[in-house]
Amino acid sequence: QRVPELVRGALLEDPPLYSGTPEGHARNAAVPHFVELRALAAAWQAEGVGEAAARDRLAAQPWGSSRADEVTTPESLQARAYALLHMDVAVLDPVIDGSLLAGVDAEAGVTVPVAILAAGVAPAFGADHEARMRAEHPEVSVRRVEGAGHSIHDELAHRDAYRAAVEGFITRTSTLSPRG
C-alpha cells in the first residue's frame, strides 16, 4: 500500500486481513495463543533451553488431534524452535494488543495481482473474510485448502498444495512489470 510501484504481486497465506479493526481483534481467537507463545518463548529463553530441546518440546505439543511432529515438517519445527529462542518476545505485543494490523486498509484498491491461500481449519481468513474480500475485491483470487490449518506451508499433508500455489503465482506474475 505504501510503495505499490515496487510490488509485482502478493500471495498471502491465511492472512488475518480484517482483524485490524477493534471488532475484528475482539473476535480473533488466536490472541490467547500468542499470549501463551510469548510466555513460552520468554520462559525458554530465561531457562537457556537449547534448540534441540525446544524442537523436541514443540514436536510433542498437540496439533489438532495429533502431535506436532506427526503433522508438520521437521524443518518447520526446527525453525520455530530457533525463532522462539532468539526472538525479542515484544514483537508479539502488537498482535496481542490488536495494533499490528491497525494501519492496514483492507478496503484500499488493489493495483497488482493478489492471491490468497486460506486455511480450511480454524482459519485466520475465515468465511466472513472471504465473503468480504470477494465483495470488495473481486479481482483477488481466493483458494481455500480444505483440512489445512493456519500454517499451511508447515503441514506435511498440504505442503505440495502450498508449493503449487506459490509456483503457479510466481509463474503468472513473473512476466509482469511492477504495477501490472
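Owing to the predicted nature of the structure, the values given are computational and were not obtained by experimental measurement.

Within helix α7 (residues 127-136), burial applies to His 129, Glu 130 and Met 133. The buried side chains of α7 occupy one side of the element, clustering within an arc of 100° when seen end-on. Facing away from the buried side of α7 by over 90 degrees, the exposed positions are Ala 127 and Ala 135. Buried residues belonging to α7 abut β4 (114-119) and β5 (141-145).

Before going further, it helps to spend a moment on helix α2 (residues 31-47). Helical geometry: 3.6 residues make up each α-helical turn, so side chains three or four residues apart lie on a common side. The end-to-end C-alpha distance of α2 is 24 Å, a good match for the 24 Å that 17 residues give at a rise of 1.5 Å each. For α2, the complete set of buried residues consists of Val 31, Ala 41 and Trp 44. Each buried residue of α2 sits inside an arc of 150° when the element is viewed along its axis, so together they form one side. In this structure, α2 carries Glu 36, Ala 46 and Glu 47 as exposed residues pointing more than 90 degrees from its buried face. After α2 finishes, the residue Gly 48 shows a positive phi value of roughly 75°.

Sheets are built from strands paired through backbone hydrogen bonds, the pairs being either parallel or antiparallel. With parallel pairing, the three strands of this open sheet are ordered in space as β1-β4-β5. Each edge of the open sheet carries a strand with a single partner, namely β1 (10-13) and β5. Sheet twist, expressed as the mean angle between neighbouring strand axes with direction ignored, is 15°. In this structure, β1 lies alongside β4, joined through four bridges in parallel fashion. Bridge pairing in β4 places Leu 12 opposite Ile 116.

Conventions adopted
Along every chain, residues carry numbers that run from 1 in the direction the sequence is written. Local features in a predicted model are, by the rule used here, given only for residues with pLDDT of at least 70; side-chain atom pairs are given and counted only at 80 or more, and totals for whole chains, interfaces and linings are based on all residues. Excluded from the side-chain calculations are hydrogens and water; all other atoms, namely the structure's heavy atoms, are used. Throughout this description, buried means an accessible area under 20% of the type-specific maximum (1.4 Å probe, protein chains only), exposed means over 50%, and partly exposed covers the range between. A run of H or I in DSSP becomes a helix once it reaches four residues, and a run of E becomes a strand once it reaches two; helices and strands are each numbered from the N terminus. Directions pointing from the helix axis toward each C-beta atom define the arc. Residues are treated as being in contact if the distance between any of their heavy atoms lies within 4.5 Å. What a helix is expected to span follows from its residue count: subtract one and scale by 1.5 Å. Strands are labelled as partners when DSSP assigns at least two bridges between them. Comment: axis = line fitted to C-alpha atoms, over the contacting stretch for helices; angle = value between 0 and 180 degrees taken between N-to-C directions.

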